[in-house]
Amino acid sequence: MIENSMFEEEPDVVDLAKESPSYHIDSDDVTYEPRSSRLLVRGLGENDMDEDEEDYESSARLLGMSFMNRSSSQRSAASSYTRQQPSNSCSPLSTKTTAVGVLILVLVVSMFMVIYFVPSCTFTKKGCQKSNSSMSSIYPISTSGELFPWTDLRLPVSVHPVHYNISLHPDLNSMTFQGNVSIVVLVVHETKNIVLHSSDMNIIKVTFDDKEYRFLEYKPWQQIAIKFPEDLKKGQYVLKFSYKANLSNSYDGFYNSSYVDTAGTKRVLAATQFEPLAARKAFPCFDEPAFKSTFVVKMTREAKYISLSNMPKIKTTDLNENGLQEDEFESSVKMSTYLVAFIVAEFSSHSKNVSKTTVSVYAVPDKKDQVHYALETACKLLKFYNTFFEIEYPLSKLDLVAIPDFLAGAMENWGLITFRETTLLVGNQSSRFDKQLVTSVIAHELAHQWFGNLVTMRWWNDLWLNEGFATYMQYMSIENVFPDLDIDIEFLNVRFKALAKDALNSSHPVSTFVSTPEQVEEMFDSVSYEKGASILLMLNATLRDGEFHKGVIEYLQNYNLSNTESKDLWNSLSQVSKQSLNVSEMMNTWTVHKGFPLVTVKRNGPQVTLSQEHFLLNAENGTDDSSLWHIPLTYVNDSCSVLRSCKQVFHLKDKEATLQLPGQVKWLKFNFRSDGFYIVHYDEQGWSDLISALKVDVNVLPSEDKAALINNIFALSRLGKVSFRQVLNLMDYIRNETETAPLTEALSQLGQIYRLLDKRSDLNLASSMTTYIESHFGSLMESQSWEVETSVSKMTLRSALLETACALNRPNCTTQARRLFDQWLASNKTLQIPSDLMRTVFKVAAKTDEGWSKLLGSYKHSIYDTEKRKMLEALASTQDVRKIIWVLQKSLDGSEIQNQEFPLVIHTVCRDFAGYLYAWDFMKENWEKITQKFPIGSFAIQSIITSTTSQFSTKTHLAEVQNFFSSLGAKGSQMRIVQEAIETIKHNMRWMEKNLNTLQSWL
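Everything quoted here is computed from the prediction, not taken from an experiment.

What counts and how
Residues numbered from 1 in each chain as written. Predicted model: local features only at pLDDT ≥ 70, side-chain atom pairs only at ≥ 80, totals over all residues. Heavy atoms only, no water. UniProt positions renumbered as here; feature names shortened; annotations may be inferred. Helix = DSSP H or I, 4+ residues; strand = E, 2+ residues; numbered from the N terminus. Pairing = 2+ DSSP bridges. Axes fitted to C-alpha atoms, helices over the stretch in contact; angles between N-to-C directions. Buried < 20%, exposed > 50% of the residue type's maximum accessible area, 1.4 Å probe, protein only. Contact = heavy atoms within 4.5 Å. Core = buried A, V, L, I, M, F, W, Y, C linked by side-chain atoms within 4.5 Å. Disulfide = S-S within 2.5 Å. Expected span 1.5 Å × (residues − 1). Arc of directions from axis to C-beta. Parallel < 35°, antiparallel > 145°, perpendicular 65-115°, else oblique. Left-handed = near helix turned anticlockwise from the far one by under 90°. Nonpolar A, V, L, I, M, F, W, Y, C, P; charged D, E, K, R; others polar. Polar contact = N/O pair within 3.5 Å; in protein donor to acceptor, adjacent residues only side chain to side chain.

Chemist: Would you mind going over the UniProt feature "site: Transition state stabilizer" (unreviewed entry) in the protein chain with me for this structure?
Modeler: Within this structure's numbering, the places UniProt gives as "site: Transition state stabilizer" (unreviewed entry) are Y529. Within the secondary structure, Y529 is located in helix α10 (residues 527-542).

Chemist: Can you help me understand the sheet that holds strand β24 (residues 607-614) in this one?
Modeler: Consider a sheet: its strands pair through backbone hydrogen bonds, and that pairing is either parallel or antiparallel. The strand order β27-β24-β23-β29 describes an open sheet built from 4 strands, whose pairing is mixed. The strands lining the two open edges of the sheet, one partner per strand, are β27 (656-660) and β29 (679-682). With strand direction ignored, the average angle separating the axes of adjacent strands in the sheet is 25°. As judged from the 4 bridges shared by strand β23 (residues 597-604) and β29, these two strands associate in the parallel manner. From the neighbouring strand, V601 faces β29, where its bridge partner is Y682.

Chemist: How should I be thinking about the UniProt feature "active site" (unreviewed entry) in the protein chain in this particular structure?
Modeler: Residues annotated by UniProt as "active site" (unreviewed entry) correspond here to E445. On the secondary structure map, E445 appears in helix α6 (residues 432-448). E445 sits in the buried class, given a relative accessible area of 0%. Those residues in contact with E445 that sit more than four places away from it in its chain are M1, I2, A410, M411, E412, I417 and F419.

Chemist: Looking at this structure, how should I read the nonpolar core?
Modeler: Nonpolar side chains tend toward joint burial in soluble globular proteins. In terms of nonpolar packing, the biggest core is built from 312 residues, with F241 and F283 touching the most fellow members. Among the elements that line this core, the one with the most residues is helix α5 (residues 372-389), at 11 residues. Setting aside anything within four residues of it in sequence, one finds F283 in contact with Y164, I166, H197, M201, Y243, F274, F295 and V340.

Chemist: Teacher, can you tell me more about the state of the cysteines here?
Modeler: By definition, a disulfide links two cysteine residues through a covalent bond between their sulfur atoms. Throughout the structure, instances matching the rule amount to 2 disulfides. The disulfide that involves C640 links it to C646, with 1.7 Å between the sulfurs. Measuring the twist about the S-S bond at about -65°, one finds the C640-C646 disulfide to be left-handed. Looking at C640, the relative accessible area reads 29%, which means it is partly exposed. Assessed through its relative accessible area of 7%, C646 is described here as buried.

Chemist: How do you make sense of helix α14 (residues 684-696) when you look at a structure like this?
Modeler: An α-helix turns once every 3.6 residues. As a result, residues three or four positions apart point the same way. Between its terminal C-alpha atoms α14 stretches 18 Å, which fits the 18 Å expected from 13 residues at 1.5 Å a residue. G686, W687, L690, I691, A693 and L694 are the residues of α14 that are buried. Seen from one end, α14 has its buried residues packed into an arc of 160°, which puts them on one side. Exposed side chains of α14 directed beyond 90 degrees from the buried face belong to E684 and V696.

Chemist: In this structure, what is going on with unusual backbone geometry? I would like to understand it.
Modeler: Trans peptide bonds make up most of the peptide bonds, and negative phi angles are found at most residues other than glycine. Here the residue pair E275 and P276 is connected by a cis peptide bond, since its omega of 5° sits within 30 degrees of zero. Following the sequence through the fold, P276 ends up in the loop between β10 (266-273) and β11 (294-302). Notably, D486 is not glycine yet its phi reads approximately 50°, a positive angle. Here D486 is to be found in the loop between α7 (464-481) and α8 (487-502). At N809, a residue that is not glycine, the phi angle is positive and equals roughly 60°. Looking at the element boundaries, N809 is found in the loop between α19 (792-807) and α20 (811-826).

Chemist: I keep staring at the packing of α10 against helix α13 (residues 583-591) and nothing clicks. Help me out?
Modeler: Each packed pair of helices is defined by two parameters, the angle between the axes and the distance between the axes. Closest axis-to-axis distance for the α10/α13 pair is 11 Å, and the angle between their directions is 155°. Here α10 lies roughly antiparallel to α13, going by the angle between them. Along this stretch, α10 crosses α13, giving a crossing that reads as right-handed. Packed against α10, whose contacting residues are K531, I535, M538 and L539, the element α13 presents V583, M586, M587, W590 and T591 at the interface. Across the contact of α10 with α13, the residue classes break down as 7 nonpolar, 1 polar and 1 charged.

Chemist: In this structure, what is going on with the pairing of β24? I would like to understand it.
Modeler: The side chains of a regular strand alternate, first on one face of the sheet and then on the other. Residue alternation in β24 divides its side chains into a buried set, V608, L610, Q612 and H614, and an unburied set, Q607, T609, S611 and E613. With 8 bridges joining them, β23 and β24 adopt antiparallel strand pairing. Pairing of V601 across the sheet is with L610, part of β24. The antiparallel hairpin formed by β23 and β24 contains 2 residues in its connecting segment, where G605 sits at a positive phi of about 65°. Of the strand pairs in this sheet, β24 and β27 are connected by 5 bridges, and their pairing is antiparallel. Paired with L610 across the two strands is A657, which belongs to β27.

Chemist: How do you make sense of the environment of Q449 when you look at a structure like this?
Modeler: In this fold, Q449 is placed in the loop between α6 and β21 (456-457). The exposure class of Q449 is buried, given its relative accessible area of 1%. C-alpha of Q449 to C-alpha of Y385: the two residues are 64 residues apart in sequence and 9.5 Å apart in space. Beyond its immediate stretch of four places on either side in the chain, Q449 contacts Y393, L398, E412, N413, W414, G415, I417 and L454. Engagement of the side chain of Q449 in a polar contact is seen with the backbone oxygen of E412, the distance being 3.2 Å. Reaching out from Q449, the side chain makes a polar contact with the backbone oxygen of E445 at a distance of 3.1 Å.

Given below as structure tokens:
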């Protein structure tokens, strides 16, 4: 699965890593009193805001001070209450009388306790029988009140599924479905219980080998159990369920969806999203990755719909019941439950054959002409993967389906990959800039057909084996098959983002223990995806003679249709490696430790001292100072610094080591092309030599190395290893830079600081930062063309430069943007706005009431999803408070903006000063509704929390964030993303305190 938010720009934050709270967050510290309905807007046409809206606006202007006032008023009210003493009191008793009374009272109470608490059997001749009093304290209580016979979130291994026959009948009028499932199970250890998963369904009947049985249910763990009077002997049996359920209203399980076609008719459909834990919402099953099985699916539907599943359809049978038909699909390959999928909808498709596989792309009929690029791309990538992995895709068909209402970016269901329309459909006029996203998602999901589907992680703790590999293969395959998409720049940015997240104390090891559903959901993050991909890139760069490629093939062949752990991959790579390098030993240090190393380089003539430590911001609150990594350090020097043949390698395994340099070396640059997952700090002379070299010759290093120097020095400034003056000293060279990677990285880093200053209402410093950015990038901004561009690298740079220029209200930029928008409207929207400039143009247009209204109308009627999302971002970037509230409300209730877009809307609103406090208050007041739509711990929830909190930098907001999430109980305060948010705010505060003087004197 690939999360859609992973393709959205992260909120700009000054800190990239922070500290964990040094104390427990106590929900009693501050009470959050939600404002009831201030976000309801009566109409955008009204000229005046109502009283509640004015109150909401003043709340934002006060930067959260209303929160403190509410808390203090509550405390004052409480302190005014005192207990009144009675006016008339009795005279005190004598000491003797009091003592006698107490003695009598004690005797009476003691006799009562003996009679009441001691069992009556104690006084009989037989006495009391010993009871198993521990049972009720160990086993949970089922819904029927009986003891549930299992005590773990993980299922027992005594019974394995072998084959499922699933028959489903969804009713798209009542939004319910009926189901029958027959499971062939294998008892591998004698047992009196079968325990499996079921959630949110009404089970009508359970039979085991044709005999009906009762079942017990324990809802907190989504488990059901069938108890038997005697042990089941080893062997195969058949377990059957009949049940009913509602189609889900959220984005997981078997869920209902709808859209409005171009004729204005509402269309409905049903689709699935089972990863990670939602197959149990569609049929009772053993819903863990290791319980692989085969599946036969039968789907009953109305004749106007089609149905799709993982495997090709065998036949369609007319049921002669109100025109119903039943589709039956071939038996599947052996796979995990989270990969099962089915869809009932009105879709159109185009197909093409590749080797032995029919590749088809499905979409709603109105968008059937937008599937051709995806079809051609999928065919090319399938050919590449078939050759690269030396194992051909095992199914006879591969469907790629664009779902109108789909939360994730895409999902790798075997043979039936589901996508957001944005990540699959491409209009005929789309540029390579838009095609890069679609190509990336398709490449990722096709890689999963081998990494994840063919070979699957044993449990979610090793999710990175699926997602890290698919992410790495996504970039590697595109570099080979579509070199014109310049995907290397995107992969570099991804690695920088992964470093930023992994620098947090709230991060986690690549492979880490998970148990609860919330913990499983939280594994779908940048550590599993981007860090996983980054360490694979580093390993591939370390091994020689194609050993990485050979090891991957060995791994897939050894564990075909099986489940694995991290050690299985390392063992496969070790078996093919002819180097003395111990792959398992090296890579374990990268998967079992959280975070990454900071390598410090100190030079004394020809002798270089190298040392490593955990790169952890706010390290005084760190929990692990002893981590050591086996680091394959790469480096170049002034004599040879650009070609890959220049690279030299030194393995740093210990805390400190020494490197001897031959001959005369002016300077060293470590981590060649940023292929390694670590940050490098040089001594003062080392930094000075590199900066001087760049000022003399801007092309002395590859673009990846220049971008890495910028990224690293900003990170080191946050860590306190270098002064911010040193950062600005490096930035002086940027005026001569022309390459995309270093320029966009510099813009991103400076933009983070600008936005933080802006959110603090530090107008003087924000203005100074604007001047600084313009002085370093102004000439480049003015030189950009507004015509159609073909190079993805140039479009990436132009988009970053002009979006920044227009955000800073540079006259030439805003004038050109308005000109393009007016021409677009005048041409009845047939004029092509360059796709990389579209978001910038729309954002400028949205600053006026007329432009915003016209964009809203265009958004409602456009059938091109890449265009629609850019319109939505522009609508959400408005400075008008009423419009901000309207967009937030409509995206949450799903009435005029699809609910799936809510995380994007929150993200966009939070980027600007006008909206970020409204978004935070909106999230708090609608938390229950938000978590009903998006699971706790999910990537959507992670994105929402990060967007709303990452730009806070005051004690007031720190207290408010801590106490809001504490008030939610364990599921709120213990979320990893909450700890990250608190770290972020604390570091923002520290960074500002430390660097304000430097900024004031240097900007």
